[in-house]
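Residue-level listing of the chains:
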Amino acid sequence: MQIAIRCFALLRELSADRTVLELNDGATIEEAWSELARRYPALLAHRPYVRAARNGAYAEWEERLGDQDEVAFLPPVSGGARRTALVEGTIDESAVEDGLATAAHGALVTFVGRARNNADDGRAALELEYEAYGPMAERVLEEIAAEAAERWDASVGVVHRVGLVPIGEAAVVIVCAAAHRDAAYQASRYVIEAIKERLPIWKRERFADGSEWKRPGA
């Protein structure tokens, strides 16, 4: 079957305005994205921040397509932008930052929370594991970003990793862009503290002699 693909803004610059894909009958939107990203590999890093639409209406990635459908891939909207995601695998810090700040933003603060090789009790940690209640965590993460964006008139991006996180790699990346540095710093601090308090995500530290679950939070 033939599917018409449209991309906008940054995604268009990395690929094409319009593309026609030949896909197997019953292919999903996710499969359409995978085929498009195979042709334009620069799209891959932006997958966590993209929304999809089918025939003019927002759609889920697992939704199946029909012949002659039009699928649009949409980057985050501009102006007080919010960019949130839970991801498996390495977080691309530059992709979280990309396009978040505008000419009105004089400050851009990026916080990276990394997996460290020692626990609070001094034991050597081998790796971390994060488990989240996915649908709820995605909604809460969006709420936290929206609160920070409104309070400090900022653009906010926050991406949290789930699954295994090797030592030294990022578990959470928070980007806040605001007119002044104090607002950007405060927004960033608010987001990480709210994550620790409210996000339904749990951390397990793995040691040579076992593992231990910690309280929710990054």
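Here, every reference points to the structure presented above.
Residues numbered from 1 in each chain as written. Predicted model: local features only at pLDDT ≥ 70, side-chain atom pairs only at ≥ 80, totals over all residues. Heavy atoms only, no water.

**Student:** Explanation requested: a nonpolar patch on the surface in the structure shown.
**Tutor:** Together, Tyr133, Met136, Trp202 and Trp213 line one region of the surface with nonpolar side chains, adding up to about 400 Å² of accessible area. Secondary-structure assignment places Met136 in helix α4 (residues 134-152). Note on Met136: relative accessible area 31%, which makes it partly exposed. (Patch = residues over 30% accessible without salt bridge, like charges linked within 9 Å, V, L, I, M, F, W, Y side chains within 5 Å. Areas by Shrake-Rupley, 256 points an atom, 1.4 Å probe, with all protein chains shown as cover. Salt bridge = Lys/Arg side-chain N within 4 Å of Asp/Glu carboxyl O. Helix = DSSP H or I, 4+ residues; strand = E, 2+ residues; numbered from the N terminus. Buried < 20%, exposed > 50% of the residue type's maximum accessible area, 1.4 Å probe, protein only.)

**Student:** So what exactly am I meant to see when it comes to the side chain of Ser188 here?
**Tutor:** Relative to the assigned elements, Ser188 resides in helix α5 (residues 181-198). For Ser188, the residues in contact, after removing those within four places along its chain, are Val109, Phe111, Ile174 and Cys176. (Contact = heavy atoms within 4.5 Å.)

**Student:** What exactly am I supposed to notice about the packing of α4 against α5 here?
**Tutor:** For any two helices packed against each other, one specifies the crossing angle of their axes together with the interaxial distance. Direction vectors running N to C along α4 and α5 enclose 155 degrees, while the axes themselves pass 9 Å from each other. By the angle between their axes, α4 is roughly antiparallel relative to α5. Where α4 crosses over α5, the handedness of that crossing is right-handed. Residues Val140, Leu141, Glu143, Ile144, Glu147, Ala148, Arg151 and Trp152 of α4 touch α5, and the partners they reach there are Ala183, Gln186, Ala187, Tyr190, Val191, Ala194, Ile195 and Arg198. (Axes fitted to C-alpha atoms, helices over the stretch in contact; angles between N-to-C directions. Parallel < 35°, antiparallel > 145°, perpendicular 65-115°, else oblique. Left-handed = near helix turned anticlockwise from the far one by under 90°.)

**Student:** Hey, could you run me through α4 in this one?
**Tutor:** An α-helical segment advances 3.6 residues per turn. Residues three or four places apart therefore align on the same side. Between its first and last C-alpha, α4 extends 27 Å over 19 residues, near the 27 Å set by a 1.5 Å rise per residue. Within α4 the residues assigned to the buried category are Ala137, Val140, Leu141, Ile144, Ala145, Ala148, Ala149 and Trp152. Of the residues one or two after α4, Asp153 is the one with positive phi, at around 50 degrees. (Expected span 1.5 Å × (residues − 1).)

**Student:** How do you make sense of the pattern of salt bridges when you look at a structure like this?
**Tutor:** Two side chains that carry opposite charge are able to pair once their charged atoms sit near each other. The final tally for this structure, using the stated rule, is 13 salt bridges. When the shortest N-O distance is used, the salt bridge between Arg47 and Glu30 registers 2.8 Å. Taken together, the residues Arg47 in the loop between α2 (29-39) and β3 (51-54) and Glu30 in helix α2 connect sequence positions 17 residues apart.

**Student:** I keep staring at unusual backbone geometry and nothing clicks. Help me out?
**Tutor:** Peptide bonds are trans in most cases, and residues, glycine excluded, mostly fall at negative phi. With phi around 75 degrees, Gln68 is a residue other than glycine that occupies positive phi space. When its relative accessible area of 56% is taken as the criterion, Gln68 is described as exposed. Residue Asp153 is not a glycine yet carries a positive backbone phi of 50 degrees. Among the residues examined, Asp153 registers a relative accessible area of 64% and is labelled exposed.

**Student:** Would you mind going over the packing of aromatic side chains with me for this structure?
**Tutor:** Given two aromatic rings, one states the distance between the centres and the angle between the planes to describe the pair. Per the counting criterion, the structure on display carries four aromatic pairs. When the ring of Trp33 is compared with that of Phe73, the centres are 5.0 Å apart and the planes differ by 80 degrees; the resulting orientation is edge-to-face. Taken as a pair, Trp33 in helix α2 and Phe73 in strand β5 (residues 70-74) lie far apart in primary sequence, 40 residues in all. Each member of the pair, Trp33 together with Phe73, is buried. When the ring of Trp152 is compared with that of Tyr190, the centres are 5.5 Å apart and the planes differ by 55 degrees; the resulting orientation is tilted. Here the residue Trp152 occupies a position in helix α4, and Tyr190 occupies one in helix α5, the gap between them amounting to 38 residues. For Trp152, a relative accessible area of 14% translates into the label buried. Taken together, the ring pairs connect Trp33, Trp61 and Phe73 into an aromatic cluster. Its end group placed over the ring of Trp61, Arg47 keeps NZ or CZ at 3.6 Å from the ring centre. (Phe/Tyr/Trp six-rings, centres within 6.5 Å; stacked < 30°, edge-to-face > 60°. Lys NZ or Arg CZ within 6 Å of the ring centre and 35° of its normal.)

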